[in-house]
Amino acid sequence: MYRTALRNVLAHKGRLLMTTLAVLLGTAFVAGTLVFTDTLGNALRSQSAKSYTDIAVTISDRGAVGRGYDHGGRAATEAALTEETRKAVAALPGAADARGVVSGFAGIADKKGALIGDGFSTTGTNYVPGADGTDPRYPLVDGRGPRTSGEIALDTRTAEKGGFKVGDTVRIAVNGPVMELKLTGTLHTNDPRVVSGGSLAAFDTATAQQLYLTPGRFSEIDVKGKPGADDAALLAAVKQAVPRGDAIEARTGRELADEQDRMIERGTKGLSTALLVFAGIALFVGIFIIANTFTMLVAQRTKELALLRAVGASRKQVSRSVLVEAVLVGLTASVAGLVTGIGIAVGLRALMNGPWEANLPEGPLVVAPSTVLASLVVGVAVTTLSAWLPARRAARIAPVAAMSSVEQPATQKSLVVRNTIGALFSLAGAAGLAAGVGGKEVKLVGLGAAALLIGVFVLTPLLSRPLIALLAPLLHRLYGTPGKLAKENAIRNPRRTAATASALTIGVTLITALTVVGASVNKAVDEATTSDLKADFTVTMQNYSMLSPEVATQIAKAPGVAGMTALRIVPVETRKGGDGEWLIAVDADGIGQLAAVKVQQGSPDALKEGKLLISSGASKRTGYQVGDSFPVTYPDGTQGSLTVGGVLASDSELSGIVAPEAVVGRHALPGTGVDKILVKGVNGADAKLKQALRDATGGNPLIAVKGEKDIKAENRQMVTAVLNIMYGLLGMSVVIAVLGVVNTMAMSVFERRREIGMLRAIGLDRTGIGRMVRLESLLIALFGGIVGVGLGILVAWAGTRTMADSFKNITTVVPPLQILGFLVAAALIGLLAALWPARRAARTDILDAIKSA
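Predicted model, so just to flag it, every value in this text is computed and none were measured.

What counts, and where the lines are drawn
- Residues numbered from 1 in each chain as written.
- Predicted model: local features only at pLDDT ≥ 70, side-chain atom pairs only at ≥ 80, totals over all residues.
- Heavy atoms only, no water.
- Buried < 20%, exposed > 50% of the residue type's maximum accessible area, 1.4 Å probe, protein only.
- Helix = DSSP H or I, 4+ residues; strand = E, 2+ residues; numbered from the N terminus.
- Pairing = 2+ DSSP bridges.
- Core = buried A, V, L, I, M, F, W, Y, C linked by side-chain atoms within 4.5 Å.
- Contact = heavy atoms within 4.5 Å.
- Arc of directions from axis to C-beta.
- Expected span 1.5 Å × (residues − 1).
- Axes fitted to C-alpha atoms, helices over the stretch in contact; angles between N-to-C directions.
- Parallel < 35°, antiparallel > 145°, perpendicular 65-115°, else oblique.
- Left-handed = near helix turned anticlockwise from the far one by under 90°.
- Nonpolar A, V, L, I, M, F, W, Y, C, P; charged D, E, K, R; others polar.

J.: How should the pairing of strand β7 (residues 151-155) be read in this particular structure?
T.: On a regular strand, one side chain projects to one face of the sheet and the next to the other, so that they alternate. Of all five residues making up β7, five are buried, and the element is well covered by its neighbours. With burial as the criterion, each face of β7 is covered, one bearing Glu-151, Ala-153 and Asp-155 and the other bearing Ile-152 and Leu-154. In the sheet, β7 pairs with strand β10 (residues 199-204) via two bridges, with the strands oriented antiparallel. Considered in β10, the bridge of Leu-154 is made with Ala-201.

J.: Please clarify how the nonpolar core should be interpreted in this entry.
T.: Within soluble globular proteins, side chains that are nonpolar generally end up buried alongside one another. Within the largest apolar cluster, 86 residues are counted, with the highest numbers of intra-cluster contacts made by Phe-29, Leu-504, Ile-736, Ile-769 and Val-773. Residue contributions to this core peak at 16 residues, all from helix α25 (residues 766-801). Here Val-773 is in contact with Met-745, Val-749, Ala-834, Pro-837, Ala-838 and Ala-841, once residues within four sequence places are set aside. If you look at the next biggest cluster of nonpolar residues, it comprises 57 residues, including Ile-152, Ala-208, Val-238 and Ala-552.

J.: Honestly, helix α18 (residues 549-557) in this entry has me stumped. Any pointers?
T.: Helical geometry note: an α-helix holds 3.6 residues per turn, so side chains three or four residues apart project in the same direction. The complete set of buried residues in α18 reads Val-551, Ala-552 and Ile-555. For α18, the arc enclosing every buried residue in end-on projection is 100°, short of the 170-degree limit, so these residues lie on one face. Looking at the packing, one finds that the buried side of α18 touches β13 (537-541), β14 (561-572), β21 (676-681), α22 (687-696) and β22 (703-707).

J.: Sorry, what's going on with the environment of Asn-190 here?
T.: With respect to the secondary-structure elements, Asn-190 resides in the loop between β9 (179-187) and α5 (192-195). Separated by 143 residues in the primary sequence, Asn-190 and Gln-47 place their C-alpha atoms 6.3 Å from one another. With residues near it in sequence (within four places) discarded, Asn-190 still touches Gln-47, Lys-50 and Val-195.

J.: Would you mind showing me how to read helix α16 (residues 481-492) here?
T.: For α16, spanning twelve residues, the distance from its first C-alpha to its last is 16 Å, which sits close to the expected 16 Å at 1.5 Å a residue. Those residues of α16 lying buried are Pro-482, Gly-483, Ala-486, Asn-489, Ala-490 and Ile-491.

J.: I'm lost on the packing of helix α24 (residues 753-761) against α25 in this one. Help?
T.: The description of two helices packed together rests on the angle between their axes and the distance between the axes. α25 packs onto α24 with a crossing angle of 140° between their chain directions and a minimal axis gap of 10 Å. Relative to α25, α24 is oriented oblique. The two elements α24 and α25 cross, and the hand of that crossing is right-handed. Where α24 abuts α25, its residues Ile-756, Leu-759 and Arg-760 lie against Arg-766, Ile-769 and Met-772. Residue composition of the contact of α24 with α25, by class: four nonpolar, no polar and two charged.

Structure representation (structure tokens):
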């Protein structure tokens, strides 16, 4: 029987080609994901290890987060890590040197004034020269390090992007006006933020301290150990030498490296999991193709299998022969998929380091034994499981009945059982969706959607006849006899049609659901921006850090400004709420003119009365209600009491806990910046006002001036980027679905070879035969597309209902042109997939076809 199985695989290798390709693509997705993430993780760990090679102990001050990041929670006079601390640590036994580090962010403008990199990875630090005048952290590539406040050094990639050379003037800013500094040198760095596309600006230590902290203060001290020194002993000595405080933490370099490795592992594991989900979807689509292929092969080999039963083969032997065929196909496809996956990983890394400019760290390709094993197991298991039901059907073929029948029709009992199971799954799924929508439970909606999809897939044979019948009259009128024959062929075997269409339905369902959710989110954000934001422009930092206080002053003086208000976050300590709360301080008199303040409970004038407004979400979290008072300790150390005067509506522009600036602002620390500035123009949101605001910010490339159109475009760009990534990842499942349609049509042509010959004999020409096959494929693809669109819209509706708390007044938006585009795409897939089978059918020789059994 094993030789028989091998002979059958070799004899039917053409018919098994599409199945092999489907398994190959799914396995390649799995292997490529594992190889790419393993390679990326290994490279990141190697790069991270270089950052800690010469560090025995690191002392960090969590309170010294850098100007612009700090919300005023710690007084500037509380300098914990100073030059005296550094010298004391450097003098400890076992310490060879101690290097004071200052860090923050620094936006570098290119020669057109645009920001180089993105706001979250624009790194600024101090250059600490040793005895030879160089900083071992940042090897010099050209020139020298900065020595005065008018000098700067850049990493080589940033200098190259900006077109800067040593001696050029570089425009750079932190959270205030732009500074013009002389470029004295270019550096090499292993900092992951910089390597992955960010930027690095190095100042002399005094300048960095002035920009980010206060003179003489460090955010970190790195201690280099003497040869042979014990890191644990040095750590104990360091802890005794540094000032004590909750914000001061000392750890060994090994501990930091291990923590970084764990973070990298979590990150790559998350990426791997996300990609493997889409690989699973592709393999799930492949299951339909594999099952369909083996079902058709069993049907076409009914006489052959019956003969085996007649000469003594048992049911188990027949079943095992089919499963062995599946194992051979799965093993062959898995090996090819593993090789293809390795190629995909190599190509993806080349793309990310090339056109996509992701600048991933270099490292060897990692093909772990677990990756090889997982790829082979997944491919073989999916193929074998998919062929299990066809193998059981093969074993049930009765020798006498099979010798006189080409294919045994499904029994009434099996159809009833199938439809009952499908109905139960569908009802359970619908109930899950309803319950999830009512309770706004995303997990419940996901489970309900999965159950509903399974139920519909099981019921697809029942649905195929009425849906295809709706499309048939149009085809009959347009194409005559070929159109009528196409309809009859499509509904002749509903199970086969359903299995072929279901593969396409999965991709269409997911793509439709994503598209509808994306359109709904876009509309909700657009409406919220239009209705709630009365300001013409908002001014913020691109990395959402704090603006310099001087920026608010300059904006107030800008020409064309009719009114403005600044929002800043003030941290307070309170007995209720654990570590404390963050208050959003606003101008009580001006905020109503620039943002919608909607109060659902309490007084609309609470801010003017010196009281707080709290969002409904914050009220639930903290337990604060209208009329509640609680004690607070402000950043300057003074104590007071605040009272809740109102609860904000869920669709209000403001959120969190809002306090009047007049009450809490005077307790903020000197130099504390603002988080956002809202601006109203004399002539509305015109281009002149926007330019005036940019000029007022000193041309800082990190400061963003956005109007209503800019905010909408930014939000749409984010949603579109996410959708494009999802579409790309789902592309593999669509490709596999196309292979399924090609496979089914090609095998149907072979199966109906005699029938096609008879049609040719009674007058249907080659064009009519080809048209019949193409229209049949079109009907199957449209059927899958229609079901997928309907399911996708339903799932998206349930999903958007669970977002009501996150997006104000969100409604389900179905974009008609995109939905129509999906149906047109499904139709084109059907037509393209039928090109080769139709051509093969049209070229069938009449006499040979009639003579065939």
